[in-house]
Amino acid sequence: MRYIEPHGHMVSRVTDDYQDMVTAGCAAVCEPAFWAGYDRRTASGFEDYFRQLTDSEPKRAARYGLPHFCWLCINPKESEDVGLARDVISLIPQFIDGPNVLGIGEIGLNKNSRNEVTVLEMHIDLAARHDQLILVHTPHLEDKFKGTRLILDLIQADGRIRPERVLIDHVEEHTARMVLERGHWGGMTLYPISKCTPARAIDILDLYGSDRLWLNSACDWGESVPLAVPRTALEMRRRGWSPSAIDRVIYQNPIRFLSQCPKFKLPSESVT
Ligand SMILES: [Zn+2]
């Protein structure tokens, strides 16, 4: 089996997780900037985090031959202070041309507050000005439908963003359709207790097709499983998916979306 982990918060994981992922067939890991388990109080705290994502973490992954890519932003969970967000966003251009930086993310909304919307608009503008891919975090539980619709409207309103260059993550049964209908890609996050279980994610693939959807583990500081993608592949096999159809979802789809950034390259084979 081969797969891409397109959304893993490796700064929260131990080195053994890297070994397990490579052993299971992981060919690349992509790490969006997000909450690190605590609120950072200063812009310099984020500057150190960006250095970790663009320098230290790729080196740690490289010890196991695993290419590591990242996305940069101030995440929606820490976006309530617009002044801090403005300072953090002003740091991003100096990191954006780094060899492992894929784009701006994971931006979006957490509680759908007015300040979060302001910061989201600032990120969309940053991505447009620097011609970057966008990775979007959508809120959880009861706010998800409303928040997802709000995010899609804000992206559409900007007018400079091509929909196929935006991936909306954490889609579920009630949000996948609107994401795909707007021309975006969707990500399904496999969590043991919330978001999507493997069974639900496969149901969504059966319902909406696998053309523009990917699977990720989002493995982070909380209860999550770094091997959630290959384990879901085993469940797909059990449900009668062919090896080539599974490969398309867990390997080829992430490559198709991520290759829109010319920096996304796998060392062992040419990316098609
Ligand atoms: Zn995440």
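Quick caveat, the model's predicted, so the values are computed rather than measured.

Thresholds applied
Residues numbered from 1 in each chain as written. Predicted model: local features only at pLDDT ≥ 70, side-chain atom pairs only at ≥ 80, totals over all residues. Pairing = 2+ DSSP bridges. Helix = DSSP H or I, 4+ residues; strand = E, 2+ residues; numbered from the N terminus. Axes fitted to C-alpha atoms, helices over the stretch in contact; angles between N-to-C directions. Buried ≥ 20, exposed ≤ 12 C-beta atoms within 10 Å, placed from the backbone. Arc of directions from axis to C-beta. Contact = placed C-beta atoms within 7 Å. Core = buried A, V, L, I, M, F, W, Y, C linked by C-beta atoms within 7 Å.

A.B. asks: Go over the sheet that holds strand E4 (residues 101–108) with me, naming the residues and quoting the values.
C.D. replies: Think of a sheet as strands paired side by side through backbone hydrogen bonds, with each pair either parallel or antiparallel. Taken together, eight strands build an open sheet; the order of strands is E1-E2-E3-E4-E5-E6-E7-E8 and the sheet is parallel. One side of each edge strand has no neighbouring strand; the edge strands of this open sheet are strand E1 (3–5) and strand E8 (213–216). Shown here is a sheet whose adjacent strand axes are inclined to one another by a mean of 25°, direction ignored. Relative to strand E6 (residues 166–168), strand E5 (residues 133–137) is paired through three bridges, and the arrangement is parallel. Following the sheet pairing, Ile134 is matched in E6 by Val166.

A.B. asks: Give me the lowdown on helix H3 (residues 82–91), citing residues and values where you can.
C.D. replies: If you check which residues of H3 are buried, you get Leu84, Ala85, Val88 and Ile89. Across the axial projection of H3, the buried residues extend over an arc of 135°, all falling on one side. Seen from the open side of H3, the exposed residues pointing more than 90 degrees away from its buried face are Gly83 and Ser90. The inward-facing, buried residues of H3 contact helix H2 (43–62) and helix H4 (114–129).

A.B. asks: Can you tell me about unusual backbone geometry, naming the residues and giving the values?
C.D. replies: Cis peptide bonds are those with omega within 30 degrees of zero, and the linkage from Gly105 to Glu106 qualifies with -5°. Here Glu106 is to be found in strand E4. We note that Asn112 has phi near 60°; this positive angle belongs to a residue other than glycine. Looking at the element boundaries, Asn112 is found in the loop between E4 and H4. Residues other than glycine seldom take positive phi values, yet His170 does so here, at roughly 60°.

A.B. asks: Requested: an account of the nonpolar core, with residues and values cited.
C.D. replies: One finds Cys70, Leu72, Leu102 and Ile134 to be the most contacted residues of the largest nonpolar core, which totals 76 residues. In contact with Ile134, not counting residues within four places along its chain, are Gly103, Ile104, Gly105, Ile107, Ala127, Ile161, Arg165 and Val166.

A.B. asks: Any details on helix H8 (residues 228–238)? Residues and values, ideally.
C.D. replies: In an α-helix, one turn spans 3.6 residues; hence positions three or four apart end up facing the same way. Those residues of H8 not exposed but buried are Ala228, Val229, Pro230, Thr232, Ala233 and Met236. Tucked inside the fold, the buried residues of H8 contact E1, helix H7 (198–208), E8 and helix H9 (243–258). Among the residues trailing H8, Gly240 stands out with phi positive, at a value near 95°.

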